[in-house]
Amino acid sequence: MTRAVWAWPRSSFVRSAERLTLVAMYGAVLLAPLTLMAHVMKAGAQGAAVVVSDALGFVALSLLALQVLVSGRWAGTTRSFGLRPVLSIHRQAGKAVLVLVVLHVVILLFDDPTRLALVDPRTAPPRARAGVLALLGLVTLAATSVWRERLRLSYERWRAVHLACTALVIAAAFAHVLWVDAYTSVPVIRWGVLGLVLAAATGLFWSRVARPYATAMRPYRVVSVRSERGDAVTVELAADGHDGLRFEPGQFARLRAADCLYGMGDHPFSLSSSAQRPHRPTFTAKALGDFSAALADLRVGTRVLVDGPHGEGVHETRAVRGRLLLAAGIGITPALSVLRTAAERRERRPILLLYGSRHWEEVTFREELDELERQLDLRVVHVLSRPEPGWQGERGRVDAECLRRHVPSDVADWSALVCGPSAMVAGAASALQRLGMRPAAIQAEGFE
């Protein structure tokens, strides 16, 4: 898979169309239940309040089902829309689901306070018990996501809780709708709700059962583990009996141990290798958590499963004069993949790398970047936030001021890859737009 030219991360038209498609999907899910219910009066409804409450409940269920289908677990959605927009919408939609369900309950209680008795599990009918169970599941989802660190939940335990609560909420909400048996007596609504729930269940089965099984059919083996500057470790894999992982620079994959096929132990890591070598993918990570720290203890020959590629890769056209790479800390990983790929493809267009680190001795891949400067039309600017005495280079962070000093005057004709802490990514992307770079030319990925 060889390409010989740089590109915008995505053309402005295509990227806008894809984002519009995502918005349209959410809009359709929100409006469809309301449109259907507008022509159906619930039997025994005593006023508009009950109808409005029921409409909010149906919208919440529809939105919840879509959450499963449009999430960071799907390679197609992250590749088309980018990981950051997908996760951002996922979080906001999750909050919206909780608000809608709470409003659904509050309106019903406000309309008739005697309905408070339905909350008592000892006397409540099955439909009310299922509804309360769905609400409790949603509250648990929200609480464990917002206060994960306070609750001291590991990433793996949080994911297990998140998955279990999601399945519980969908099942309980579906049972609640069926047992209420009002609008579902209308065939189009009944089959619409059933279709949404089945789609969500299929999505869960694919992402949590079928997809892991598929990765097990294409295993990899560890061929080397080496320490890097900045407390980072690089793991190099080799495809075991297949043609490897075909990806674009800037993408990531999820790694898991081969003996933990259906556990919660898969973690996302950016690819640091050249896209020209799909049979030998490498991943570089900093020891920030239990799993990333454990990478250093992997032994040569260990079987590893790779789920990917995910995320938005660097797509290529002839419309760009050069590439701007902005990285901070371990955010250098996808930028290095871009540079290694460019070197193997013998690219000759200009590249500017602004790389933020704390100390000079912590600059990951420092020596290789020096070598890549000799191979490519590449200029590397190191930015140190805690420089040693006598440092003559840039100080501080990769921010708007730093960009103004170094980006070329024709930056509007360049494209950019930005990777680092979320605050840095947001600030840099905004600064680039003020300097004249089109939003469609900026590929930005933040990490926490």
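Provided above is the structure to which this section pertains.
Note that the structure is predicted; figures quoted are calculated from it, not measured.

Draft legend 1. Summary view of the overall build of the protein. Looking only at helices and strands, the protein has twelve helices and twelve strands in total. Within the protein, the fraction of its 448 residues that count as buried is 48%. Summarising the internal contacts of the protein: among those between residues at least 6 apart in sequence, 75% fall at separations of at least 24.

Draft legend 2. The sheet that holds strand β1 (residues 220–228), seen in detail. Taken in spatial order, the six strands make up an open sheet running β4-β3-β6-β1-β2-β5, and their pairing is antiparallel. In this open sheet, the two edge strands, each paired with only one partner strand, are β4 (267–270) and β5 (282–286). Taking the axes of each pair of neighbouring strands and ignoring which way they run, one obtains an average angle of 40° across the sheet.

Draft legend 3. The arrangement of helix α2 (residues 48–69) in detail. Taking 1.5 Å per residue, 22 residues should reach 32 Å; α2 reaches 32 Å between its end C-alpha atoms and fits that length. Within α2, 16 of the 22 residues are buried, leaving the element largely enclosed by the surrounding structure.

Draft legend 4. Representation of a positive patch on the surface in the model. A contiguous patch of positive charge, built from Lys 286, Arg 358, Arg 386 and Arg 397, is present on the exposed surface. Positionally, Arg 358 belongs in the loop between β8 (351–357) and α10 (366–375). Overall, Arg 358 belongs to the partly exposed group, its relative accessible area being 49%.

Draft legend 5. Structural view of the pattern of salt bridges. A full pass over the atoms with the stated rule returns 18 salt bridges. One salt bridge in this structure joins Asp 410 and Arg 321, with 2.7 Å as the shortest N-O distance. Of this pair, Asp 410 sits in the loop between α11 (400–406) and β11 (414–421) while Arg 321 sits in the loop between β6 (303–310) and β7 (322–328), placing them 89 residues apart in sequence. Judged by relative accessible area, Asp 410 falls into the partly exposed class, the value being 22%. Here Arg 321 falls in the partly exposed class, since its relative accessible area comes to 48%. Of the charged contacts, one joins Glu 394 and Arg 405 as a salt bridge, the two residues approaching to 2.8 Å between their closest N and O atoms. Highlighted residues: Glu 394 in strand β10 (residues 394–395) and Arg 405 in helix α11, separated in sequence by eleven residues. You can call Arg 405 partly exposed: its relative accessible area is 48%. A single network of salt bridges, built from pairs that share partners, joins Arg 226, Glu 228, Glu 236 and Arg 280.

Draft legend 6. Inspection of the environment of Asp 399 at higher detail. Tracing the sequence through the fold places Asp 399 in the loop between β10 and α11. Using a relative accessible area of 35% as the deciding quantity, one classes Asp 399 as partly exposed. Between the C-alpha atoms of Asp 399 and Ala 429, which are 30 residues apart in sequence, the distance is 9.6 Å. Separated by 3.0 Å, the side chain of Asp 399 and the backbone nitrogen of Cys 402 make a polar contact.

Draft legend 7. Up close: the nonpolar core. In this structure, Tyr 26, Leu 63, Val 97, Leu 100, Leu 138, Ile 170 and Val 193 are the most contacted members of the largest nonpolar core, which totals 31 residues. When contributions to this core are tallied by element, the ones reaching two or more residues are α2, α4 (83–111), α5 (126–146), α6 (155–180) and α7 (187–216). Examining the composition of this core, we find that ten residues originate from one element, α2, more than from any other. By size, the runner-up hydrophobic cluster in this structure holds 26 residues, among which are Val 381, Trp 414, Met 424 and Ala 431.

Draft legend 8. Seen up close, empty space enclosed by the protein. Under the definition given, this model contains two cavities of 30 Å³ or more. By volume, the largest cavity amounts to about 60 Å³. Of all the elements in the fold, those that place two or more residues in the lining of the largest cavity are α7, β3 (252–257) and β6. With four residues, the top contributor of residues to the lining of the largest cavity is α7. A breakdown of the residues in the lining of the largest cavity according to their chemical character gives three nonpolar, two polar and six charged.

Draft legend 9. Region of the structure containing the packing of helix α9 (residues 332–344) against α10. Running from N to C, α9 and α10 point in directions that differ by 40°, and their axes come no closer than 10 Å. When the interaxial angle is binned, α9 and α10 end up oblique. For the pair α9 and α10, the crossing hand works out as left-handed. Along its contact with α9, which presents Leu 336, Leu 339, Arg 340 and Ala 343, the element α10 presents Glu 368, Leu 369, Leu 372 and Gln 375. Split into classes, the residues belonging to the contact of α9 with α10 amount to five nonpolar, one polar and two charged.

Draft legend 10. Local environment of the environment of Ser 207. Structurally, Ser 207 can be placed in helix α7. Exposure remark for Ser 207: the relative accessible area of 10% places this residue in the buried category. Sequence separation between Ser 207 and Val 68 is 139 residues, and the spatial gap between their C-alpha atoms is 9.5 Å.

Criteria and thresholds
- Residues numbered from 1 in each chain as written.
- Predicted model: local features only at pLDDT ≥ 70, side-chain atom pairs only at ≥ 80, totals over all residues.
- Heavy atoms only, no water.
- Helix = DSSP H or I, 4+ residues; strand = E, 2+ residues; numbered from the N terminus.
- Buried < 20%, exposed > 50% of the residue type's maximum accessible area, 1.4 Å probe, protein only.
- Contact = heavy atoms within 4.5 Å.
- Pairing = 2+ DSSP bridges.
- Axes fitted to C-alpha atoms, helices over the stretch in contact; angles between N-to-C directions.
- Expected span 1.5 Å × (residues − 1).
- Patch = residues over 30% accessible without salt bridge, like charges linked within 9 Å, V, L, I, M, F, W, Y side chains within 5 Å.
- Areas by Shrake-Rupley, 256 points an atom, 1.4 Å probe, with all protein chains shown as cover.
- Salt bridge = Lys/Arg side-chain N within 4 Å of Asp/Glu carboxyl O.
- Lys, Arg positive; Asp, Glu negative; His and termini not counted.
- Charge placed at Lys NZ, Arg CZ, Asp CG, Glu CD.
- Polar contact = N/O pair within 3.5 Å; in protein donor to acceptor, adjacent residues only side chain to side chain.
- Core = buried A, V, L, I, M, F, W, Y, C linked by side-chain atoms within 4.5 Å.
- 1 Å grid on protein atoms, 1.4 Å probe; cavity = no way out; pocket = protein on both sides within 12 Å on 5 of 7 lines; lining within 4 Å.
- Points joined across faces, edges and corners; volume = space filled by probe spheres on them.
- Nonpolar A, V, L, I, M, F, W, Y, C, P; charged D, E, K, R; others polar.
- Parallel < 35°, antiparallel > 145°, perpendicular 65-115°, else oblique.
- Left-handed = near helix turned anticlockwise from the far one by under 90°.

These figures capture arrangement, not role.
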